[in-house]
Amino acid sequence: MTYVLVFLLTVISLGLLLAVYLYLIFRKSLNRWYTNKRERWLETHSDDIKTYIYTGSGSEHFVPEKRYQYEALEDMFSDLLSSVKFEKDFEPIGAFAQRYFVPWYQKRLQSGSWSVRMNTLHFINRFKIEVMQPDLIRHLRSKRCTPEEKFEIFLLLGEFECDNLMELMKGAKELPDFWLNELLCRLVSQDNVDTYVDDFFDYTPSWQGAILEAVRDKHLRSEKLQRLLVQLLESEHAELRVKALKTIASLGYLFTIDPFIQWMDNNRENGIWDQPQTDGERLMAARLMGSIRHDRFIPYLNALIGDRAYGVRREAAKSLRIYRQGKSMLTVLASTHPDAFARSIAQEWIERNPEHE
Amino acid sequence: MLLLFLNKVIFVYFIGICVFYLVIFLLSYGRLRREKGLHGIEPYKRMKSSSFTPPLSIIVPAYNEEAGVIGTILSLITGSGKLDYPQFEVIVVNDGSKDRTLEKVIERFQMVPVKNKVHLKRNGIETRPIIEMYQSEVYPHLILIDKENGGKADALNAGINLSQYPYFASIDGDTVLEPDSFLKIMKPIVEHADDEILAAGGNVLIANGSTVVKGRVQETKLSRKPLVVMQSIEYMRAFLMGRIGLSRGNMLLVISGAFGVFRTQRVIQAGGYKVDTVGEDMELVVRLHRMNLEQKWGAKIEYVADPICYTEAPESMKFLYRQRTRWHRGLFESLWTHRRMMFNRKYGLIGMAAMPFYFFVEFLGPFVEFFGYLTLIIDLMMDRVFIQYALMLFALMVVYGSFLSMGAVLFEEWRLGKYPKISELNRLLFFALSEAFWYRPMLTLWRVRAMMTLLFGRAQGWGEMQRKGVSD
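Residues numbered from 1 in each chain as written. Chains lettered and ligands numbered in written order. Predicted model: local features only at pLDDT ≥ 70, side-chain atom pairs only at ≥ 80, totals over all residues. Heavy atoms only, no water.

## Examining the overall build of chain A
Counting its secondary structure elements, chain A contains 18 helices and zero strands. Relative to its length of 357 residues, chain A is extended, with a C-alpha radius of gyration of 29 Å against a globular reference of 21 Å. Counting only C-alpha atoms and orienting by the principal axes, one finds that chain A spans roughly 80 × 70 × 45 Å. Here chain A holds 357 residues, and the buried ones make up 50% of them. Looking at chain A alone, contacts between residues at least 24 apart form 65% of all its contacts between residues at least 6 apart. Here chain A has roughly 18100 Å² of accessible surface; of this, 52% comes from carbon and sulfur atoms. (Helix = DSSP H or I, 4+ residues; strand = E, 2+ residues; numbered from the N terminus. Rg over C-alpha atoms; globule rule 2.2 N^0.38 Å. Buried < 20%, exposed > 50% of the residue type's maximum accessible area, 1.4 Å probe, protein only. Contact = heavy atoms within 4.5 Å. Areas by Shrake-Rupley, 256 points an atom, 1.4 Å probe, with all protein chains shown as cover.)

## So, the environment of Tyr321 of chain B
Residues and elements named next belong to chain B. Within the secondary structure, Tyr321 sits in helix 10 (residues 317-337). Residue Tyr321 is classed as partly exposed on the basis of its relative accessible area, which comes to 22%. Sequence separation between Tyr321 and Glu234 is 87 residues, and the spatial gap between their C-alpha atoms is 15 Å. Tyr321 has contacts with Trp446 and Arg449, leaving out every residue within four places of it along the chain.

## So, the nonpolar core
With 263 residues, the main nonpolar core has Phe260 of chain A together with Ile58 and Phe182 of chain B as its most contacted residues. Ignoring sequence-local partners within four residues, the contact set of Phe260 of chain A consists of Leu233, Leu245, Leu254, Ala285, Leu288, Met289 and Phe297 of chain A. (Core = buried A, V, L, I, M, F, W, Y, C linked by side-chain atoms within 4.5 Å.)

## Describing the domain arrangement of chain A
Here chain A is partitioned into domain 1 (48-163), domain 2 (174-255) and domain 3 (259-357). The C-alpha-based centres of domain 1 of chain A and domain 3 of chain A are spaced at 50 Å. (Domains from an automatic or database assignment.)

## Here's the deal with the side chain of Thr101 of chain B
Residues and elements named next belong to chain B. Along the chain, Thr101 turns up in helix 4 (residues 101-109). Overall, Thr101 belongs to the buried group, its relative accessible area being 1%. Within the structure, the side chain of Thr101 is placed 3.3 Å from the backbone nitrogen of Glu66, a separation counted as a polar contact. When sequence neighbours within four positions are dropped, the list of residues in contact with Thr101 reads Ala62, Asn64, Glu65, Glu66, Val69 and Asn94. (Polar contact = N/O pair within 3.5 Å; in protein donor to acceptor, adjacent residues only side chain to side chain.)

## What to know about the confidence of the model for chain A
The share of residues in chain A with pLDDT of 70 or more is 98%, and the mean pLDDT across the chain is 92. Per-residue pLDDT, averaged within each element of chain A, yields its smallest value for helix 18 (residues 340-351) of chain A (87) and its largest for helix 4 (residues 114-127) of chain A (97). (pLDDT = per-residue confidence, 0-100.)

## Some remarks on the state of the cysteines
The term disulfide refers to a covalent linkage connecting the sulfur atoms of a pair of cysteines. Per the stated rule, a full pass over the model turns up zero disulfides over all chains. Between Cys162 of chain A, a free cysteine, and Cys145 of chain A, which holds the nearest cysteine sulfur, the sulfur-to-sulfur gap is 14 Å. (Disulfide = S-S within 2.5 Å.)

## Some words on the pattern of salt bridges
Residues and elements named next belong to chain B. Counted under the stated rule, the structure contains 52 salt bridges over all chains. Among the ionic pairs, Asp154 bridges to Lys147, the shortest N-O distance being 2.6 Å. Here the two residues Asp154 and Lys147 agree in accessibility, since each one is buried. Across the salt bridge formed by Lys274 and Asp276, the nearest N and O atoms sit 3.2 Å from each other. Relative accessible area serves as the criterion here: at 58%, Asp276 is assigned to the exposed category. If you follow the salt bridges from partner to partner, you end up with Arg31, Glu35, Lys300, Glu302, Asp306 and Arg415 in one network. (Salt bridge = Lys/Arg side-chain N within 4 Å of Asp/Glu carboxyl O.)

## Notes on the packing of aromatic side chains
A complete count under the given rule lists 48 aromatic pairs over all chains for this structure. Ring geometry for Phe123 of chain A against Phe127 of chain A: centres 5.8 Å apart, planes inclined by 20 degrees, an arrangement best described as stacked. With Phe123 of chain A and Phe127 of chain A both in helix 4 and four residues apart, the pair spans about one turn of that helix. Using a relative accessible area of 2% as the deciding quantity, one classes Phe123 of chain A as buried. An aromatic cluster of at least three residues, connected via ring pairs, comprises Tyr52, Phe62, Tyr70, Phe77, Phe96, Tyr100, Phe101, Trp104, Tyr105, Phe123 and Phe127 of chain A. Positioned above the aromatic ring of Trp336 of chain B is the side chain of Arg339 of chain B, whose terminal nitrogen or guanidinium carbon lies 4.1 Å from the ring centre. (Phe/Tyr/Trp six-rings, centres within 6.5 Å; stacked < 30°, edge-to-face > 60°. Lys NZ or Arg CZ within 6 Å of the ring centre and 35° of its normal.)

Here is the structure:
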């Protein structure tokens, strides 16, 4: 009985082994044939493609029909977009993609293969094919659409300034921070930042955080925004307080420093800054005081250089180093500060250049 | 009677292993089939240009790596092969090398001493004393620490102490990376929707035989040396089948020291790498799993198939033997340190499946196999073998093992496609078929010897290997 079982298992394994081997031979041969064909096609049409890229005309000489032709052009155009910046009113690649790739992409969005659909979404993004919005929304609603595809589509729709994006996002899985930050960077601009500020407290905490990240990343400024950032220092959510400080530090501007100093005084007096949970806030406050240099900040930085958290001490020393008299202030601290850690970090930053950090 | 009983035990054990590997194969198959055909460049462009991609500290511990260390650093920081990652720092840790590792790095990258030493213990892990710290005048994000010898784990800890970014990567001194390796390995960490990712492992390929120029692989080729081809097959099986399969159930217990990314804060929380073990990479991963489950972090450890790093494999029996006995010892030490997790329901699949798998299959497997060879010889001598049955069993072992190896080659073709030539495929098949005749018994014997050495408790260090260097 066992003998028969072993024999059967051997035969099955042998069959599987042969099947895999033959499949691999077939696949490798096919890949080689496909690559050669693709290279030959590109070679044949290279002059036409070049002419089209320079002049924007003659695309009819290299209209793709087969898969390898589409893929060859996709890769070539994508490489070009990485290295060449076209004029605003001359975008031959976008125009070509819109003219010839759309039917191909419509078909590929229906594919049963997840990889094919993902590749398609990446190229729609690459070539910014705005006319595909309805197809994207249709795919978003299909059962086949996976969370990864949804994230890509939300970003694309954000890029295309789709009107009902918020509606479409309702009920969908919450976007991870990275995606949300990327999305908000596409949505928030100098023109509409005040609208986001007005509705700020209607958004979920993760959206609020992403709005602040977008503001920081794009260096957006407005009076309303300034007021919001100062107001957020009193937020009950620690993460928002840290992000607000980080945003102010990055913008390097506060219309008045009094509320910030008042906030620091309150934190110190109430013992809030003695809690380890506020390490991040103290660190960002130290960074802010290096970014917006003001003489009134110096006593606070002198205190933070003796903080128990290494990161805060380091940031305070780095901020002091940026001040005009930073080096001499640190030299004094290195010999007179009552705290040994503060003296060491001051010594360290006398020698270091914040620009290299 | 006893031998008959043992024969049956070995048979059941053999079938059990076959079933387990088949399950792992199917799990990997599911994931890699889904990813088959995914574009190799486009999905990573967003991360590459985003200011929200978290910065990364890359730690390169080096002990007597004068042949490979320059190539490794070059592959990270300079030239056309420069690492494609938005923001990173490179921390090379010279762990008291006896060769010219330190001098070579100082000369090549114009490293100058940084006088202050405040930040050397900023992340609070105790290490052997630091002799000097250097910063490159040409590449400010390149740091070199020269420290007293304390082993690889101690060197990594010194690097962690200095790392300032939320994630750190550990790579070996002889590792050669592809420019987009870190973008690829960080993708699940950056874009993950649900759980925190504690660590992610990437794919390790063997550099021997390939053309490597200035720290960048120009052409991947399969070596012509049988010992290296066998290791290539082993690596494909281990990484593309074993690790992917295990990671699908969050059961991955090993992230290769040659290429892995970790969440800095969690590793500091865990106390860094354990220094008195030779299997520090596995021990850390098991400890992170343990803390994750005990402290309910709800985190995961991932394995990603497409990020690639190349490493130099031993070409001589002597160094391969050393490497494998060190690995086996490391495996045992990790399992022994965390023996409380074994068959403990509190640790879920890690305690009930992964730990037993590593103990009974990976650790005890060679012993059982060795015993199998031994009983076969005794039975042959006593003329008690049903030859046809024994040959059939052996044939099954050869064919099934080769099928799994070819399965791993198939996964490589789907996801990486680094070996396009049919002649290379034929060589892989030939050596996969030959494995049971020479390579496997040889490794079994070495591992059994490693188990014996364990009984005598002889300590091992870095496990020095004569490196030729893979880069021109």
